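Chain by chain, the residues run as shown.
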Amino acid sequence: MTTGAVPASFTGLKTRDHRGLGFAKSSDFVRVTNLQRVKFGRTKVSVIRNSNNPGSETVELEPASEGSQLLVPRQKYCESIHKTVRRKTRTVMVGNVALGSEHPIRVQTMTTTDTKDVAGTVEQVMRIADQGADIVRITVQGRKEADACFEIKNSLVQKNYNIPLVADIHFAPPVALRVAECFDKIRVNPGNFADRRAQFEQLEYTDDDYQKELEHIEKVFTPLVEKCKKYGRAMRIGTNHGSLSDRIMSYYGDSPRGMVESAFEYARICRKLDFHNFVFSMKASNPVIMVQAYRLLVAEMNVLGWDYPLHLGVTEAGEGEDGRMKSAIGIGTLLMDGLGDTIRVSLTEPPEEEIDPCRRLANLGMKTSELQKGVAPFEEKHRRYFDFQRRTGQLPVQKEGEEVDYRGVLHRDGSVLMSVSLDQLKAPELLYKSLAAKLVIGMPFKDLATVDSILLRELPPQDDKDARLALKRLIDVSMGVITPLSEQLTKPLPNALVLVTLKELSSGAHQLLPDGTRLVVSVRGDESEEELEILKTTDATMILHHIPYSDDKTSRVHAARRLFEYLSENSLNFPVIHHIEFPRGSHRDEVVIGAGANAGALLVDGLGDGLLLEAPDQEFEFLRNTSFNLLQGCRMRNTKTEYVSCPSCGRTLFDLQEISAEIRDRTSHLPGVSIAIMGCIVNGPGEMADADFGYVGGAPGKIDLYVGKTVVKRGIAMEHATDALIELIKEHGRWVDPPAEE
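Structure report, in brief.

Thresholds applied
- Residues numbered from 1 in each chain as written.
- Predicted model: local features only at pLDDT ≥ 70, side-chain atom pairs only at ≥ 80, totals over all residues.
- Heavy atoms only, no water.
- Helix = DSSP H or I, 4+ residues; strand = E, 2+ residues; numbered from the N terminus.
- Expected span 1.5 Å × (residues − 1).
- Buried < 20%, exposed > 50% of the residue type's maximum accessible area, 1.4 Å probe, protein only.
- Axes fitted to C-alpha atoms, helices over the stretch in contact; angles between N-to-C directions.
- Parallel < 35°, antiparallel > 145°, perpendicular 65-115°, else oblique.
- Left-handed = near helix turned anticlockwise from the far one by under 90°.
- Contact = heavy atoms within 4.5 Å.
- Nonpolar A, V, L, I, M, F, W, Y, C, P; charged D, E, K, R; others polar.
- Pairing = 2+ DSSP bridges.
- Right-handed = clockwise from strand over helix to strand, strands pointing away.
- Patch = residues over 30% accessible without salt bridge, like charges linked within 9 Å, V, L, I, M, F, W, Y side chains within 5 Å.
- Areas by Shrake-Rupley, 256 points an atom, 1.4 Å probe, with all protein chains shown as cover.
- Salt bridge = Lys/Arg side-chain N within 4 Å of Asp/Glu carboxyl O.
- Lys, Arg positive; Asp, Glu negative; His and termini not counted.
- Charge placed at Lys NZ, Arg CZ, Asp CG, Glu CD.

Here's the deal with helix 19 (residues 620–633)
Reasoning step 1: Spanning 14 residues, helix 19 covers 20 Å between terminal C-alpha atoms, matching the ideal 20 Å at 1.5 Å per step.
Reasoning step 2: Burial within helix 19 is extensive, with twelve of its 14 residues counted as buried.
Reasoning step 3: For helix 19, the set of buried residues is Phe620, Phe622, Leu623, Arg624, Thr626, Ser627, Phe628, Asn629, Leu630, Leu631, Gln632 and Gly633.
Reasoning step 4: Phi turns positive one or two residues past the end of helix 19, at Arg635, with a value near 60°.

With respect to the packing of helix 20 (residues 656–667) against helix 21 (residues 718–731)
Reasoning step 1: Look at helix 20 against helix 21: their axes get within 11 Å of each other, and the N-to-C directions meet at 30°. When the interaxial angle is binned, helix 20 and helix 21 end up roughly parallel. Where helix 20 crosses over helix 21, the two elements pack in a sense that is right-handed. For the pair helix 20 and helix 21, contact is made by Ile659, Glu662, Ile663, Arg666 and Thr667 and by Met718, Thr722, Asp723, Leu725 and Ile726, respectively.
Reasoning step 2: Among the residues forming the contact of helix 20 with helix 21, the class breakdown is five nonpolar, two polar and three charged.

Thoughts on the pairing of strand 20 (residues 453–456)
Reasoning step 1: Neither face of strand 20 is left uncovered, since the one carrying Ser453 and Leu455 and the one carrying Ile454 and Leu456 both have all their residues buried.
Reasoning step 2: The pairing of strand 20 with strand 21 (residues 480–484) spans three bridges and is parallel. Across the sheet, the residue bridging to Ile454 is Val481, located in strand 21.
Reasoning step 3: Considered for its hand, the β-α-β crossover made up of strand 20, helix 12 (residues 465–476) and strand 21 is right-handed.

Focus on a negative patch on the surface
Reasoning step 1: Taken together, the side chains of Asp655, Glu658, Glu662 and Asp665 define an acidic patch exposed on the protein surface.
Reasoning step 2: Relative to the elements of secondary structure, Glu662 occurs in helix 20.

Here it is, written out as structure tokens:
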């Protein structure tokens, strides 16, 4: 008989099956035999039983981190912690396209047309296919749309377009059965396929209640599984963080654990019916939640011996650089660990516009896994990859005798550093503005989103008084000016921070500097422990983690993880800045995606204290905004309004792109405020879980407004809805007037 285990520290165990409850002598674990669910306090967790591995007597669950209520398997979520190795999966066929680890990472998107508009939908699918997508999803909300799907499929085949089509289903099992006869894949949302829409009420389910609901799900879902088997269709069991059922939330909360269990309820039915042509997805608008959910999913699949492929996506990511950045953080993080077999970048833009960033991410994932980029093996003890716990480096502390205030060279919520050239120093006021400093009679002052420190690779000559005065004014407002050791020794700048390498530290060259000079150390992260040893005796203000872009064999993500492991193991709490360089000629999307994937993969684990992005031919303002977007996307420093904006589909009840632009234009100056802009409410008010206020299509031409998950105003005429949203923000004391133009 297989056995589960839960930590003994959790007392007051309750179970549906009390017959097998027994206590082991070990003080670490309580052993629970043949147990479906365990309840401690108000939290219930699943105990995993490995039916594929009878020799495994105990599956151990442990808190994800000290004090955490999230229990996770003692099982890694990826193939390797020191290099990118693609997770091995079975092959799932979606029409003529194969998904899985033996195949390229597939790219897909979703139509935005009314599905009943057959000609319009066909034209859009053809444009999407021509852009290089591998798979297209179409919303199918009712019988009329299902009937139109037959015409859409036939029309595409007649035009020699054989791209696989996926039906997006919510609340409509009969519609799913109908469309399974013509489309290649069915997307099922386990939160609302058989369950009613969540009411977000505190419900207490008895064991019998819970079991009856599971039986109801099996009764409703089984016919679809059998039809998919009959017709050779694929399926995606796609959990959405915003649409978990009341039943799931009563046991697991609105959490990654609940997302995984929601999907597993449906997967167990598929497996019981010997249907295996399915994939999983765990989508959320918050990249941190999304990453945690996928990792937990894979860890539990590893325990169970399951090998189903993964569809990756950050839902409601938004538009422009914001949407690309959120997707790069979430999807890129998982790709760096070898997870993901098909991806979608959800943007509030025409679906064709999603393909290029999606392809760039897929190529990044394929290249990284094919090269198996990484570092020498190391033991990882300190990274918390199932729940977010930020490692905060020690911010600069003012020292006795220092002439300037160094406490502002880094920001507690995440720092932005920028590389500045001598040419920029020729126009000081323009430089101050480009650093987002406020100007008062030509003098710079730091503001909410001002750059914290600058890197100046070359100092101005000693006799260039104007340039040196401009730097002094920045230093006087607590902006750090970092310059290389060789420059500071030959053209010293008072109160500059000096950039040194480990080699220069070891040689003692830095000792030529005046006593008390602040040091910034550049570290690769893949050095030997002997080389890193010098850090133990160095008083560094910060570390710049830097791998040259010309090094295509070393993974900067894994090198950084190794560096953080070394720092934690030796109780070194230096702030670490992720310094990423891009080669000349890099596309804007390449910069956003590269930064999101490489730095975001670390920041979502709480590893890192800021960014320094360099791309020689990109605009200074673009790099600055990209840096702040990345910090905000990783739930660190909030410098502007946060938007949760759906990508639109056939259910959308208004012109989402136009309305989204209008709302952003009038509300983008509200840092700390989060606004959801939704074309419809198909996933329930849980879509607003990550937002303070919601603007949602309730009926054609009518808008409903939300505060959190609660609708507070219904049926507002669209032409008045944006004004009503602003009034709602004012009523809740979250509004400030936009700053006057200088």
